[in-house]
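Coordinate inspection notes
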Amino acid sequence: GENVEQHPSTLSVQEGDSAVIKCTYSDSASNYFPWYKQELGKRPQLIIDIRSNVGEKKDQRIAVTLNKTAKHFSLHITETQPEDSAVYFCAANYGGSQGNLIFGKGTKLSVKP
Amino acid sequence: GAGVSQSPSNKVTEKGKDVELRCDPISGHTALYWYRQSLGQGLEFLIYFQGNSAPDKSGLPSDRFSAERTGGSVSTLTIQRTQQEDSAVYLCASSLVPGGEQFFGPGTRLTVL
C-alpha cells in the first residue's frame, strides 16, 4: 500500500540551531504535502504545506522543500525556540488531488534552552 | 468561527461494550475524516467521507468499526464489542474541499478496561 516514511523519530537541538525532518512517499500521483505540529495533549495543526508545482515554500522560520523525482520532502526550522518543541507529522495525499492523506509516524522535536 | 468539535472528550468503557463517538465538522466542509492515534504513535487513517460519495473505508481495522455521516454534516464512529487494543485517541478532521487543509478536532480519548 501507499506509505510515508519519516525520519528521524526523535530530534534534539539547542535553541537557535536549525532542525530538519525528512519524509519520503511512494505514490507518484501525490501532489499535496502538508506538515502538522502537535503539541502535547493538543490536536494537530497545519504549519505549512506545499503542492507539487513548486519546489520550495517559506513562512518566516519554517520552510519546506520538495523533490518530486526522488519522492521526498523536508521541513526546515531555523533559529529554533523552546516553543517549537512538539511532534511534527508529514503527510502526502494519495489517489490524486482529492485523495486522503497518509501521515508519517512523526518526529518528536525537543529544543533545549 | 467554530472549529471541529468532538464528544465525548473522554470515554471509559468495559471490554465487550459498544461505544459511539461523535464529530461535528466545520460548517460547510464537504470532507470528513476519522483517525486513530495510539499513545506516542502517529495518525492512523480510519475512514473518509466526501459529499454524497461512498465513503473510503479502507482504514477500518475490523468489521467491529463502522461510521456514518448524516446529512453531510455530523458523523458518528461506532466501535462494537470493544477490545483493550481499541484504547486510543480518536481524532476527527474536516476540510472545505477534498484534498484541502484538514482541521482537526480535540479528539476523544477512549479507554477500554
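The paragraphs below set out a description of the structure included in this document.

Reading guide: rules and limits
- Residues numbered from 1 in each chain as written.
- Chains lettered and ligands numbered in written order.
- Predicted model: local features only at pLDDT ≥ 70, side-chain atom pairs only at ≥ 80, totals over all residues.
- Heavy atoms only, no water.
- Helix = DSSP H or I, 4+ residues; strand = E, 2+ residues; numbered from the N terminus.
- Rg over C-alpha atoms; globule rule 2.2 N^0.38 Å.
- Buried < 20%, exposed > 50% of the residue type's maximum accessible area, 1.4 Å probe, protein only.
- Areas by Shrake-Rupley, 256 points an atom, 1.4 Å probe, with all protein chains shown as cover.
- Contact = heavy atoms within 4.5 Å.
- Buried area = accessible area lost by both parts, 1.4 Å probe.
- Salt bridge = Lys/Arg side-chain N within 4 Å of Asp/Glu carboxyl O.
- Nonpolar A, V, L, I, M, F, W, Y, C, P; charged D, E, K, R; others polar.
- 1 Å grid on protein atoms, 1.4 Å probe; cavity = no way out; pocket = protein on both sides within 12 Å on 5 of 7 lines; lining within 4 Å.
- Points joined across faces, edges and corners; volume = space filled by probe spheres on them.

1. Details of the overall build of chain B
In terms of helices and strands, chain B carries zero helices and ten strands. The linear arrangement of helices and strands in chain B, starting from the amino end, is β-β-β-β-β-β-β-β-β-β. Over its C-alpha trace chain B gives a radius of gyration of 13 Å, about what one expects of a compact globule, namely 13 Å for 113 residues. By its C-alpha atoms, chain B is 35 × 25 × 25 Å across when sized along the principal axes. The buried share among the 113 residues of chain B stands at 48%. Of the accessible surface of chain B, which amounts to about 5,400 Å², a share of 47% is contributed by carbon and sulfur atoms.

2. Details of the interface of chain A and chain B
Each partner contributes to the interface: chain A provides 17 residues, whereas chain B provides 20 residues. Its largest share of buried area at the contact with chain B, chain A owes to Arg43(A), Asn100(A) and Phe103(A), together 36% of the area lost on that side. For the pair chain A and chain B, the interface holds zero salt bridges. Looking at which element gives the most residues to the side of chain A that touches chain B, the answer is strand S4 (residues 32-38) of chain A, with three residues. Residues of the side of chain A that touches chain B, tallied by class, amount to eight nonpolar, six polar and three charged.

3. Examining empty space enclosed by the protein
Residues and elements named next belong to chain A. Per the counting criterion, the structure on display carries one cavity of 30 Å³ or more. Together, Glu2, Asn3, Val4, Tyr25, Ser26, Asp27, Ser30, Ala92, Asn93, Tyr94 and Ile102 line the largest cavity. Of the residues that constitute the lining of the largest cavity, the class distribution is five nonpolar, four polar and two charged.

4. Considering unusual backbone geometry
What you tend to see is this: most non-glycine residues have negative phi, and most peptide bonds are trans. The omega torsion of the bond from His7(A) to Pro8(A) falls at -5°, within 30 degrees of zero and hence cis. Locating Pro8(A) in the fold gives a position in the loop between strand S1 (4-7) and strand S2 (10-14). Pro8(B) follows Ser7(B) through a cis peptide bond whose omega is -10°. Along the chain, the position of Pro8(B) falls in the loop between strand S1 (5-7) and strand S2 (10-13). In this model, Glu79(A) sits at a positive phi of 45°, which is unusual for a non-glycine residue. You will see that Arg81(B), though not glycine, has its phi angle at about 45°, which is positive.

5. Side note on the layout of surface pockets
Each pocket or cavity is described by its volume, and for the largest pocket that value is around 730 Å³. Along its surface, the largest pocket is lined by 33 residues, and Gln38(A), Leu40(A), Gly41(A), Gln37(B) and Gly40(B) are the ones closest to its centre. Residue assignment for the lining of the largest pocket shows that the elements contributing at least two residues are strand S9 (86-93) and strand S11 (107-112) of chain A together with strand S8 (88-95) and strand S10 (108-112) of chain B. Among the elements that make up the lining of the largest pocket, the one with the highest residue count is S10(B) (four residues). Taken together, the residues of the lining of the largest pocket sort by class into eleven nonpolar, 16 polar and six charged.

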